[in-house]
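Here is how the chains run, residue by residue.
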Amino acid sequence: MEALGEFTSLISGTICPPSPFDLLPPPTTVGFLKLSRPCCYVFPAGRGDCAFFAVNGFTMLVDGGSDSQACFWKLVRHLDRVDAVLLTHIGTENLPGVNAFLERKVAELELSSDVKEDLSKRLISPELGVVFFNAPSMDNVLKSTNQAALTLHLLKKLDIRPQPMFRPQGVPIEPITLFQKMGVGQLDLYILTPGKNSQEYQTLMQNWPDAVPSGQRKQANP
């Protein structure tokens, strides 16, 4: 009976998935955390990686780890905005944490107006800025439970179009300026790989999501 109880507990989360608000609970304090000095947090993220950068108020999340109980949430939930999200590749080890965050944002949009007025402060979460993610057109239909397809599906509901990351061929590498402030400086993103005309990038865009087996849809890290 003890073994049966353990098995039931194991599958209960799949049969009755927790609410996004229970999975990623709101902060217990009022007010927003201000990060002025340059900092970098690297989180234990299960089988994946997750890092958070901040410089003079600009914040960026890099990947989200393999656990739907997002490892970065206890820090990020105290912010008023995440300016950029950088998803380095398509994989089950880096997208589940971000998808849990996106699911919470979608759940907030779908709350009725009276509930929003009553619980707005408790259910608030950071605003989302630009998302960098190499994935095919947003017009693709969600045809599987693949994490990357779920990411696109949630971004579309949030009206956020992912920005592709590739290095132009035959020209000097031009950076993407993420942050710039007079008297402080600027933060640039240099994309080294994949190249726009590289076979790996073209194959990804042409074959995804049907031609690549689930769990194997990856691309080179930028």
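Residues numbered from 1 in each chain as written. Predicted model: local features only at pLDDT ≥ 70, side-chain atom pairs only at ≥ 80, totals over all residues. Heavy atoms only, no water.

For the protein, the name recorded in an unreviewed UniProt entry is Microtubule-associated protein 1Sb, with Sphaeramia orbicularis as its organism.

Looking at the pattern of salt bridges
Under the counting rule described, the total for this entry stands at six salt bridges. In this structure, Glu108 engages Lys105 in a salt bridge whose closest nitrogen and oxygen atoms are separated by 3.7 Å. One end of the pair is Glu108 and the other is Lys105, both in helix α4 (residues 96–109) and three residues apart, which spans about a single turn. An identical accessibility class is assigned to Glu108 and Lys105; each is buried. When the shortest N-O distance is used, the salt bridge between Lys157 and Glu110 registers 3.6 Å. Of this pair, Lys157 sits in helix α6 (residues 147–157) while Glu110 sits in the loop between α4 and α5 (113–123), and the two are 47 residues apart along the sequence. The class for Lys157 is partly exposed, based on a relative accessible area of 44%. Each member of the salt-bridge network shares a partner with another, and the members are Arg81, Asp83 and Glu127. (Salt bridge = Lys/Arg side-chain N within 4 Å of Asp/Glu carboxyl O. Helix = DSSP H or I, 4+ residues; strand = E, 2+ residues; numbered from the N terminus. Buried < 20%, exposed > 50% of the residue type's maximum accessible area, 1.4 Å probe, protein only.)

A word on the environment of Leu192
Here Leu192 is to be found in the loop between β7 (185–189) and α7 (199–207). Given a relative accessible area of 54%, Leu192 falls into the exposed group. Residues Leu192 and Arg167 lie 25 residues apart in sequence; the distance between their C-alpha atoms is 6.0 Å. Not counting residues up to four positions away in its chain, the partners in contact with Leu192 are Arg167 and Ile173. (Contact = heavy atoms within 4.5 Å.)

Focus: α4
The end-to-end C-alpha separation of α4 is 20 Å, in line with the 20 Å expected for 14 residues at 1.5 Å each. With respect to burial, α4 is a largely interior element, 12 of its 14 residues being buried. Of the residues making up α4, those classed as buried are Pro96, Gly97, Val98, Asn99, Ala100, Phe101, Leu102, Arg104, Lys105, Val106, Ala107 and Glu108. (Expected span 1.5 Å × (residues − 1).)

Points about the sheet that holds strand β2 (residues 51–55)
Here five strands make up an open sheet; going across it, the order is β1-β2-β3-β4-β5 and the pairing mixed. Among the strands making up the open sheet, the edge pair consists of β1 (39–42) and β5 (127–133). Neighbouring strand axes in the sheet, compared pairwise and without regard to direction, differ in orientation by 20 degrees on average. Here strand β3 (residues 58–62) runs beside strand β4 (residues 81–87); their pairing, made up of three bridges, is parallel. Pairing of Val62 across the sheet is with Leu86, part of β4. Its contacts with the sheet put α4 on β3, β4 and β5, and the angle it makes with β5 is roughly 140 degrees. (Pairing = 2+ DSSP bridges. Axes fitted to C-alpha atoms, helices over the stretch in contact; angles between N-to-C directions.)

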